[in-house]
Amino acid sequence: SNYEIHCEGCGVPIQTEEKGSLGYAPPSALEREQVICQRCFRLKHYNEVQDVSLTDDDYRKILSGIGSQDALIVKIVDIFDFSGSWLPGIHRFVGKNPILLVGNKLDLLPKSVKPNKIKHWMKYEASQQGVKPIDVELMSAEKRSNITEVAEAIEKYRGNRDVYIVGATNVGKSTFINQLIKEFGGETASLITTSHYPGTTLDLIEIPLDEQQSLFDTPGIINHHQLAHYINKKDLKKVTPKKEVKPKVYQLNEGQTLFFGGLARFDFVHGDRQSFTCYLSNELPIHRTKLEKASDLYENQKGELLSPPDRNDIEQLPPLVKHEFSIKEDKTDIVYSGLGWVTVAEAGTNVSAYAPKGVGVYIRNGLI
Ligand code: GDP
């Protein structure tokens, strides 16, 4: 029978099948005397952190482990996908530890959005989830903007505590940690290690902050509401914004529908003629049609005229589910988690939003 090989660096069982997952090493690595997983390999040779994802069970174990320590929790969310990148239940796990909430990917939002408004909205959303952050920061890890401010906030709030960085997969946690290492690593870079988290299949990356305290990067946590789990990598690239989104304005009469590729749909059910502003990836095609024809059109044209996903991938997409909203205030956003949002101009309007089953759709006061 097979005996398990463990990583010399972090102790996790080695596997050669799944690249993005914990313990992956290329088959050629098995020929070496001392096998290390790709994550430790990259860390050791390039000082680069690679994200791996986590099962729900390990997620609970690690979070409850953090709750029993005295630590600052830095929770990173994707501003463009707040609900999809939230970690449900985190308020129960962190115990009395303070949470510094960091919104990443600021560069995707139109420049006209005021940072304070975003922070205010993040605080409100967090409170709805039962979390009262000690502070809120914004950054763009990829563009290296505000990294220093976030690092300073961590320094300020941690006191003499350890720091745990948590976040759902794809929020940019690895990008952020790698920027931190670049910017502040200096001599400490050589001291970065991985350590195995007891009772789980997890390893944590440990960056020393001073003689006693460390910053721990926890593995990214899969939130099943993320759009990313329902479409393939190629389509995900197309539909998640890569740069500042350019708003597209549609003047619609009631009884008109917009399709966002084959992924989502927006019906203007009732109200005065008005403008609807779409904040979506610049590469996601928008198709306008009549509401009465929309369902037939979708059945006949999904994966064709209405794509992405294209005809080869459309069958994998869960069916679209309808969410109905009656708009009570001027300038209200209907948000499709991970895709973007539509701003409805006027109160007294009824709309329906369709997204693949499992993908969150929600309503908020207009951000812009
Ligand atoms: P992790 O799974 O949380 O570790 O996320 P990664 O660091 O691997 O980043 C996930 C994706 O988001 C990658 O495609 C990154 O290029 C992208 N990304 C990370 N930070 C930013 C950012 O500040 N702005 C934008 N636009 N994209 C980012």
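Residues numbered from 1 in each chain as written. Predicted model: local features only at pLDDT ≥ 70, side-chain atom pairs only at ≥ 80, totals over all residues.

A. Summary view of the overall build of the chain. The number of helices and strands found in the chain is 9 helices and 19 strands. At 22 Å, the chain has a C-alpha radius of gyration in line with the 21 Å of a compact globule built from 368 residues. On the principal axes, the C-alpha backbone points of the chain span a range of 65 × 50 × 35 Å. A sequence separation of at least 24 residues applies to 72% of the contacts in the chain between residues at least 6 apart. (Helix = DSSP H or I, 4+ residues; strand = E, 2+ residues; numbered from the N terminus. Rg over C-alpha atoms; globule rule 2.2 N^0.38 Å. Contact = placed C-beta atoms within 7 Å.)

B. Local environment of the sheet that holds strand β11 (residues 256-260). The strand order β14-β11-β12-β18-β15 describes an open sheet built from 5 strands, whose pairing is antiparallel. Single-partner strands in this sheet number two, and they are β14 (286-290) and β15 (320-327). Taken pair by pair, the neighbouring strands of this sheet meet at an average axis angle of 20°, ignoring direction. Where β11 lies against strand β12 (residues 264-270), 5 bridges are found, and the strand directions are antiparallel. Bridge pairing in β12 links Q256 to F268. Contacts from helix α9 (residues 291-301) reach β11, β12 and β14, with the element oriented near 125° to β14. (Pairing = 2+ DSSP bridges. Axes fitted to C-alpha atoms, helices over the stretch in contact; angles between N-to-C directions.)

C. Up close: unusual backbone geometry. With an omega of 0°, the peptide bond running from S307 to P308 counts as cis. Looking at the secondary structure, you find P308 in the loop between α9 and β15. Following P308, the chain continues to P309 via a peptide bond in cis, the omega torsion being -10°. Mapping P309 onto the fold places it in the loop between α9 and β15. Here N146, not a glycine, exhibits a phi torsion of approximately 75°, which is positive. As for its placement among the helices and strands, N146 is situated in the loop between β4 (135-138) and α6 (147-158). Using a count of 20 C-beta atoms within 10 Å as the deciding quantity, one classes N146 as buried. (Buried ≥ 20, exposed ≤ 12 C-beta atoms within 10 Å, placed from the backbone.)

D. Representation of the domain arrangement of the chain in the model. In terms of domains, the chain is made up of domain 1 (53-223) and domain 2 (233-365). Distance from the C-alpha centre of domain 1 to the C-alpha centre of domain 2: 31 Å. Each partner contributes residues to the interface: domain 1 has 9 residues there, and domain 2 has 10 residues. (Domains from an automatic or database assignment.)

E. The arrangement of the sheet that holds strand β16 (residues 332-336) in detail. Read from one edge of the open sheet, 5 strands run β10-β13-β17-β16-β19, paired in antiparallel fashion. Looking at the sheet topology across the chains shown, the edges are occupied by β10 (248-252) and β19 (361-365). Between one strand axis and the next, the sheet turns by 25° as a mean value, whatever way the strands run. Two strands pair when backbone bridges link them, and β16 and strand β17 (residues 340-344) are joined in this way by 5 bridges, in the antiparallel orientation.

F. Region of the structure containing helix α5 (residues 115-128). For α5, with 14 residues, the first-to-last C-alpha span of 20 Å sits near the 20 Å given by 1.5 Å per residue. Those residues of α5 that fall on the buried side of the exposure criterion are W121, M122 and A126. The buried residues of α5 occupy one face: seen down the axis, they fall within an arc of 135°. Exposed and facing more than 90 degrees away from the buried side of α5 are N116, Y124, S127 and Q128. Structurally, α5 contributes buried residues whose contacts are with β3 (99-104), β4 and β19. Downstream of α5 by a residue or two, G130 has a phi angle that is positive, lying close to 85°. (Expected span 1.5 Å × (residues − 1). Arc of directions from axis to C-beta.)

G. Representation of the environment of E152 in the model. Summarising the element assignment, E152 is placed in helix α6. When the C-alpha positions of E152 and S295 are compared, they lie 52 Å apart, and in sequence the two are 143 residues distant.

H. Up close: the nonpolar core. With 62 residues, the main nonpolar core has I73, V74, Y164 and I165 as its most contacted residues. Setting aside chain neighbours within four positions, we find I165 in contact with V74, I76, K173, I177, L215, F216, D217 and T218. L258, A264, C278 and V342 belong to the second-largest nonpolar core, a separate cluster that totals 33 residues. (Core = buried A, V, L, I, M, F, W, Y, C linked by C-beta atoms within 7 Å.)

I. Up close: the pairing of β4. Sheet topology note: the β3/β4 ladder contains 4 bridges and is parallel. Among the inter-strand pairings, G103 is bridged to a residue of β4, identified as L138. The parallel pair β3 and β4, bridged by α5, forms a crossover whose chirality is right-handed. (Right-handed = clockwise from strand over helix to strand, strands pointing away.)

J. Layout of helix α1 (residues 38-46). Taken as a whole, α1 has its buried residues at R39, C40 and L43. One face of α1 carries all of its buried residues, which in axial projection span an arc of 95°. Away from its buried face, by an angle of more than 90 degrees, α1 presents the exposed residues H45 and Y46.

K. Quick look at the environment of V321. By secondary structure assignment, the location of V321 is in strand β15. Each C-alpha atom of the pair V321 and P356 lies 5.9 Å from the other, and the pair is 35 residues apart in sequence.

L. Quick look at the environment of S145. Looking at the element boundaries, S145 is found in the loop between β4 and α6. Taking the C-beta count within 10 Å as the criterion, S145 has 13 such neighbours and is therefore assigned partly exposed. Taking C-alpha positions, S145 is 9.9 Å from N104, a pair spaced 41 residues apart along the chain. Not counting residues up to four positions away in its chain, the partners in contact with S145 are L106, M139 and S140.

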